[in-house]
Amino acid sequence: MTDVVWRPGDQKPRPPLLEGNVYRPDILEIIEKTIDELSPALRELSQDILGMSPFARRANPYAHDVYTTFMEKQGFVVQRHYLLETAWIATYSHGQGGPVLGVNSEMDALPGIGHACGHNLIGIAGVAVACAAKAAMEKLDINGKVILLGTPAEEGGAGKVKLWERGAYEEMDVCLMCHPAPGPPYSVSLSSCLALVRLQVDFVGHTAHAGLSPWEGQNALDAAVLAYTNIGLLRQQTKPTHRIHGIFEGKDWAPNIIPDNSTMRWYVRAPTTKEALETTERVQACFRAAAIATRCRVVITQPSAANELVQNPVLGIAVGSFINNILGKELADVVRKKYGVIDYEWGIKSASTDFGNVSYLMPGLHPGFSIPTVPNGGNHTPAFTEAASTIEAHEACLDVSKALAAVGMRVLTDETFLSNVNLARYLDVFIGCSHYVG
């Protein structure tokens, strides 16, 4: 399967496009012209953000400042430090009333490997969609509002969940964003992702001299090692679509002291929230068993969790949805006729995102898009940081941004389309999106 992946230097032509018109070609023409004209500035913005890659802790504050400055220059009303210290919001309204299009510019970085998930591209995609929508609204006198929300702390901090709880998404009718990943050339992925439960496990024991009287101790390091081994054995009895992975650490450890503390951080992932919660119960039993065996006390907490993505089948198209034949397939239609192919196997299918929680609570669309990557150089590797800096990645980002902007503009101009989007959302709730986690 890896031979289909887009590699640096590939000279593969863009795949054949479908014939036919998209919705409102006049709108798409403005979108494409606007984003093409902004391309040099967006490229500079992306590279500026990417330059902060080695400084993960400073990446969000820096991105906050450069994005808000950029959006002010584009004529948006900007509020800095919006509800969270490094979150921000940029809005544009035209005319009276009308729907509200929401867009996310996600910001984050990873310790040691920086923008190894392509947040420089995710961020400028949101900017491109919002600016293109603004241009179309102005030139064609379209009523409505665009809200671009700068969302920090996706990599473990559940930033969007916190923003949702504080009302940041209340006004939006839909919300759109995208994410880079390995995949076939010129492809946009409408896969879902895995639901995620985060766990912190603290073992508390008792110190003793490791040579003189080790029997007096209660070894919290042993508890962590035993729990780690227990989970390694548990994996044999879990489904291949599930993921369980974690680390452990401690403080003031020394070879001649029985450790009285250890902390473990675990992620439990599965295709649905229900499955993730069920597997989490089995994982927690591994921790409790380790505590019993070592006579340690264990404290298990759940800092945050993420739902799987619910790709709205009207905004996009979800494989297997029974309403696909009645309702729209907007993103897929635009991509196939203008930019490339639609894929359901790549994207962030086996990863997780806090946008999953948002998509459980309102109509949302979160496609992946492929960029050229080296073998073993996918997301969360230094090689992906390099991949996210290339001109090919930039151009792929702009293509998906144009398609998302076209979807967003249909939300603002087609009342029946928006009604179908909302109907699909209610059907999703009825069918199975009942295990919201936050």
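Everything quoted here is computed from the prediction, not taken from an experiment. (Residues numbered from 1 in each chain as written. Predicted model: local features only at pLDDT ≥ 70, side-chain atom pairs only at ≥ 80, totals over all residues. Heavy atoms only, no water.)

Undergrad: Go over the packing of helix H7 (residues 330–338) against helix H10 (residues 391–413), please, and point to the residues and values.
TA: With their axes 9 Å apart at the nearest point, H7 and H10 run at an angle of 135 degrees to one another. In this view, H7 runs oblique relative to H10, as classed from their interaxial angle. Of the two possible hands of crossing, H7 and H10 adopt the one that is right-handed. Seen from H7, the contacting residues are Glu330, Leu331, Val334 and Val335; seen from H10, they are Ala403, Leu404, Ala406, Val407 and Arg410. In terms of residue class, the contact of H7 with H10 is made up of seven nonpolar, no polar and two charged. (Axes fitted to C-alpha atoms, helices over the stretch in contact; angles between N-to-C directions. Helix = DSSP H or I, 4+ residues; strand = E, 2+ residues; numbered from the N terminus. Parallel < 35°, antiparallel > 145°, perpendicular 65-115°, else oblique. Left-handed = near helix turned anticlockwise from the far one by under 90°. Contact = heavy atoms within 4.5 Å. Nonpolar A, V, L, I, M, F, W, Y, C, P; charged D, E, K, R; others polar.)

Undergrad: Account for H10, naming residues and giving values.
TA: Taking 1.5 Å as the rise per residue, H10 with 23 residues should run 33 Å; its terminal C-alpha atoms sit 33 Å apart, in good agreement. Of all 23 residues making up H10, 19 are buried, and the element is well covered by its neighbours. (Expected span 1.5 Å × (residues − 1). Buried < 20%, exposed > 50% of the residue type's maximum accessible area, 1.4 Å probe, protein only.)

Undergrad: Got a sec to walk through empty space enclosed by the protein? Specific residues and values, please.
TA: Counted according to the given criterion, the structure contains three cavities of 30 Å³ or more. By volume, the largest cavity is sized at about 60 Å³. Around the largest cavity, the lining residues are Val22, Tyr23, Arg24, Ile27, Leu28, Ile31, Glu330, Val334, Ala406, Met409 and Arg410. Of all the secondary structure elements, the ones that give two or more residues to the lining of the largest cavity are helix H1 (25–50), H7 and H10. (1 Å grid on protein atoms, 1.4 Å probe; cavity = no way out; pocket = protein on both sides within 12 Å on 5 of 7 lines; lining within 4 Å. Points joined across faces, edges and corners; volume = space filled by probe spheres on them.)

Undergrad: Which residues make up the pairing of strand E4 (residues 144–151), and what are the values?
TA: In summary, the side chains of a regular strand alternate between the two faces of the sheet. Across the eight residues of E4, eight count as buried, placing the element largely inside the fold. In the sheet, strand E2 (residues 88–94) pairs with E4 via seven bridges, with the strands oriented antiparallel. The residue bridging Ser93 from the neighbouring strand is Lys145, located in E4. Summarising the sheet, strand E3 (residues 100–106) and E4 pair through seven bridges and their orientation is parallel. Paired with Val100 across the two strands is Lys145, which belongs to E4. In this fold, E3 hands off to helix H3 (residues 119–140), which returns the chain to E4; that crossover is right-handed. (Pairing = 2+ DSSP bridges. Right-handed = clockwise from strand over helix to strand, strands pointing away.)

Undergrad: How would you sum up the pattern of salt bridges? Please name residues and give values.
TA: Taken as a whole and judged by the stated rule, the model has 17 salt bridges. Note that Lys239 is salt-bridged to Glu275, the shortest N-O span being 3.6 Å. Of the two residues, Lys239 is situated in the loop between helix H5 (220–234) and strand E9 (243–249) and Glu275 in helix H6 (residues 273–294); the sequence distance between them amounts to 36 residues. The buried category is assigned to Glu275, whose relative accessible area is 16%. By sharing partners, the salt bridges in this structure join Glu106, Lys160 and Asp354 into a single network. (Salt bridge = Lys/Arg side-chain N within 4 Å of Asp/Glu carboxyl O.)

Undergrad: Lay out the sheet that holds strand E7 (residues 187–189) in plain terms, naming residues and giving numbers.
TA: Note: strands within a sheet are paired through backbone hydrogen bonds, in either parallel or antiparallel orientation. Read across the open sheet, the four strands follow the order E6-E15-E7-E13; overall the sheet is mixed. This sheet does not close on itself; its edge strands, each paired only once, are strand E6 (179–181) and strand E13 (341–343). Taken over all neighbouring pairs, the strand axes of this sheet differ in orientation by 35 degrees on average, direction set aside. Across two bridges, E7 lies against strand E15 (residues 368–370) in antiparallel orientation. Counted as the bridge partner of Val188 is Phe369 from E15. Along the sheet, H10 contacts E7 and E15; its crossing angle with E15, the most-contacted strand, is approximately 140 degrees.

Undergrad: Could you give an account of the side chain of His179, naming the residues involved and the relevant values?
TA: Within the secondary structure, His179 sits in strand E6. Of the residues examined, His179 reaches a relative accessible area of 4% and is grouped as buried. The residues touching His179, leaving out its near neighbours within four places in the chain, are Glu106, Cys117, Ile122, Ile348, His366, Pro367, Gly368, Phe369 and Asn379.

Undergrad: Please give an account of the packing of aromatic side chains that cites residues and values.
TA: For the structure shown, the criterion picks out seven aromatic pairs. Ring centres of Trp164 and Tyr169 lie 5.8 Å apart, and the angle between their planes is 35 degrees; on these two criteria the pair is classed as tilted. The class of Trp164 is partly exposed, set by a relative accessible area of 26%. Judged by its relative accessible area of 1%, Tyr169 falls in the buried class. Between Trp266 and Phe287, the aromatic rings sit 6.3 Å apart at their centres with planes inclined by 45 degrees, giving tilted as the arrangement. With a gap of 21 residues between them, Trp266 in strand E10 (residues 261–270) and Phe287 in helix H6 connect regions that are remote in the sequence. Pair check on accessibility: Trp266 and Phe287 agree, each one buried. Each member of the aromatic cluster is reached from another via a ring pair, and the members are Tyr228, Phe248, Trp266 and Phe287. (Phe/Tyr/Trp six-rings, centres within 6.5 Å; stacked < 30°, edge-to-face > 60°.)

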